[in-house]
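Coordinates in review
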Amino acid sequence: MNASNRLSAAFAKPHPALVCFLTAGDGDTAANLDALVDGGADVIELGMPFTDPMADGPAIQAANIRSLGKGTTTADVLSIASGFRQRHPDVPLVLMGYANPMVRRGPEWFASAAMNAGVDGVICVDIPPEEDDALGPSLRDAGIAPIRLATPTTDDRRLPAVVEGSEGFLYYVAVAGITGMQQAAIESIEANVARIKQATDIPVAVGFGVRTPEQAGEIARVADGVVVGSALVELVAEHGADAPAHLRELTSKLAGAVRSAR
């Protein structure tokens, strides 16, 4: 199955997609990712550790610091991705991170390396749509979906620019702030998802501030996917080598809530 097919299949299931995030190099990443899949994650988001993760709250910042403290490199992230792809041929894998590690050796190099590692999509937090040339064409040429972010402040004038050239799914950041801190009102999520869906046919997944199965289920009623990150990353920090069992348990509860939402 190729990259675009894996992502399409994940969002074509009879239930919204559960997207689960962990930071690469934090804990036993391979075992932790396997636990997410075992628990029922539909899409895996793998964070590329970075020294200045400006969109991330305390939990993911701390995971970045732990990972970088162990010496995690871009090559290590790609190796983790490659191992995941070999173990899970059909589960979509998305890299999420910041521009510097993605473009410093040239966007073509990164896109080619990501493609060879079996990556399906890339979310680059700090390249705006207006600067798509910095990475987007290289990703598309490699068959990798550039996944864009929309936020509560993305107005109707700017939305077409965000949507154009976005593939795989659109990531709706539910709060104007950092990851994992506060939860947006479901009414504002519902209104904004409906507005985005008028502008595009690609699926819309909602993240930032989704921590509990209850919240995930509520969002799954109005969105095509639900992204959970900080709550999972905190389990890695708390349980270390014992994290997989705890990740599997929480993912299973999240998956159950998402699948029974409609």
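Use the structure listed above.
The rules behind each value
Residues numbered from 1 in each chain as written. Predicted model: local features only at pLDDT ≥ 70, side-chain atom pairs only at ≥ 80, totals over all residues. Heavy atoms only, no water. Buried < 20%, exposed > 50% of the residue type's maximum accessible area, 1.4 Å probe, protein only. Helix = DSSP H or I, 4+ residues; strand = E, 2+ residues; numbered from the N terminus. Contact = heavy atoms within 4.5 Å. Salt bridge = Lys/Arg side-chain N within 4 Å of Asp/Glu carboxyl O.

Take the pairing of strand 3 (residues 93-97) next. Counting buried positions over the five residues of strand 3 gives five, a clear majority of the element. Burial along strand 3 is two-sided: the residues Leu 93, Leu 95 and Gly 97 and Val 94 and Met 96 are all buried.

Below, the discussion takes up the side chain of Asn 32. Inspection of the secondary structure puts Asn 32 in helix 2 (residues 29-39). By relative accessible area, Asn 32 is classed as buried at 1%. Sequence-distant contacts of Asn 32, defined by excluding residues within four places in its chain, comprise Leu 22, Asp 26, Gly 27, Val 236, Ala 243, Pro 244 and Leu 247.

Per the counting criterion, the structure on display carries 16 salt bridges. Notably, a salt bridge pairs Arg 157 with Asp 155, separated by 3.5 Å at the nearest N-O pair. Residue classification places Asp 155 among the partly exposed positions, given a relative accessible area of 32%. Across the pair Arg 211 and Glu 234 runs a salt bridge, and its minimum N-O distance is 2.5 Å. Of this pair, Arg 211 sits in the loop between strand 8 (204-207) and helix 10 (213-220) while Glu 234 sits in helix 11 (residues 230-239), and the two are 23 residues apart along the sequence. With relative accessibility at 26%, the residue Arg 211 sits in the partly exposed group. The network of salt bridges with common partners includes Asp 132, Arg 140, Arg 148 and Glu 167.

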